[in-house]
Every structure is written in C-alpha cells, then in structure tokens.
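Residues per chain are reported as follows:
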Amino acid sequence: MRQPIDLDYVSKAIVGIASPVVGVITSFQEQIEWHLRVSSLCVGLAVGVMSLVSMAKKMRGR
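Everything numeric here is computed off the predicted structure, so don't read it as measured data. The written sequence of each chain sets the order in which its residues are numbered from 1. In keeping with the predicted nature of the model, local features appear solely for residues at pLDDT of at least 70, side-chain atom pairs appear and are counted solely at 80 or more, and the whole-chain, interface and lining totals rest on all residues. Based on all heavy atoms of the structure, the side-chain values leave hydrogens and waters out of the count.

Let us now look at the overall build of the chain. The number of helices and strands found in the chain is two helices and zero strands. For this measure, only C-alpha atoms enter the radius of gyration; the expected value for a globule follows 2.2 Å times N^0.38, where N is the number of residues. The globule rule puts the C-alpha radius of gyration for 62 residues at 11 Å, and the 24 Å found for the chain is more than 25% above it. Expressed along its principal axes, the backbone C-alpha trace of the chain runs to roughly 75 × 35 × 10 Å. Residue exposure ignores everything except the shown protein chains as possible cover, and the areas themselves are Shrake-Rupley values with a 1.4 Å probe. Looking at the chain as shown, the accessible area adds up to about 6200 Å², and 70% of this sits on carbon and sulfur atoms. In this tally, Lys and Arg are treated as positive and Asp and Glu as negative; His is ignored, and so are the chain termini. For charged residues, the charge sits on one atom: NZ in Lys, CZ in Arg, CG in Asp, CD in Glu. Both charge centroids of the chain, one from 7 positive and one from 4 negative side chains, sit 29 Å from each other. Helical segments are the DSSP runs of H or I of at least four residues, strand segments are the runs of E of at least two, and each set is numbered from the N terminus.

This is how it looks when you write it as structure tokens:
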C-alpha cells in the first residue's frame, strides 16, 4: 500500500528549492531589469515601424 504524502516533507522540499532560486533572481535583478527594458524598447520600435509601414501603404493606395 502506498504511503500518504507527508506535507511537512513536501513543504521543506519546496522551500529548499525556492530559496536558492530567489537568491539567484535577487543577485541578477539589475541585469534582468536591463534586459527587460531593452527588449521592451525593441518591441516598441518594431510596433512603431510596422505602424509607419501600414500608414505609408494606405497613403500610396489613395
């Protein structure tokens, strides 16, 4: 017969895995923020270029 799940053991395992992950994220927070800012800028520029191309196509069609 299968043993019931020990919630204390599972909670300790989750905390044991999550603690180093939070530490790594905290230590790389500045670099992660920088990458997010640059990627959002690139996405914004791409949307702007696509809007400009769409507007130019509409103007030529008239």
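This part is about the packing of helix H1 (residues 7-27) against helix H2 (residues 29-61). In this description, a line fitted to the C-alpha atoms serves as the axis of each element, helices being fitted only across the stretch in contact, and the angle between N-to-C directions of two axes falls anywhere from 0 to 180 degrees. Remark: H1 packs on H2, axes separated minimally by 4 Å, with the N-to-C direction vectors making an angle of 65°. Between H1, through Ile 25, Thr 26 and Ser 27, and H2, the contact on the second element is made entirely by Gln 29, Gln 31 and Ile 32. The nonpolar class holds Ala, Val, Leu, Ile, Met, Phe, Trp, Tyr, Cys and Pro. Asp, Glu, Lys and Arg form the charged class, and all remaining residues, Gly among them, are polar. The residue makeup of the contact of H1 with H2, split by class, is two nonpolar, four polar and no charged. Residue contacts are counted whenever heavy atoms from the two residues lie within 4.5 Å of one another.

With respect to the helices, strands and loops of the structure, Ala 18 is situated in helix H1. Three labels apply to residues, based on accessible area from a 1.4 Å probe with only protein chains included: buried if under 20% of the type maximum, exposed if over 50%, partly exposed otherwise in between. Ala 18 sits in the partly exposed class, given a relative accessible area of 34%. With 41 residues separating them in the primary sequence, Ala 18 and Met 59 have C-alpha atoms 55 Å apart.

Turning our attention to the pattern of salt bridges. Within this document, salt bridges are pairs made up of a side-chain nitrogen of Lys or Arg and a carboxyl oxygen of Asp or Glu, the two lying within 4 Å of each other. Following the criterion strictly, the structure yields two salt bridges and no others. The partner of Asp 8 in a salt bridge is Lys 12, and the shortest N-O contact between them spans 3.6 Å. Taken together, the positions of Asp 8 and Lys 12, both in helix H1 and four residues apart, correspond to about one turn of that helix. Take Lys 12: its relative accessible area is 58%, and that puts it in the exposed class.

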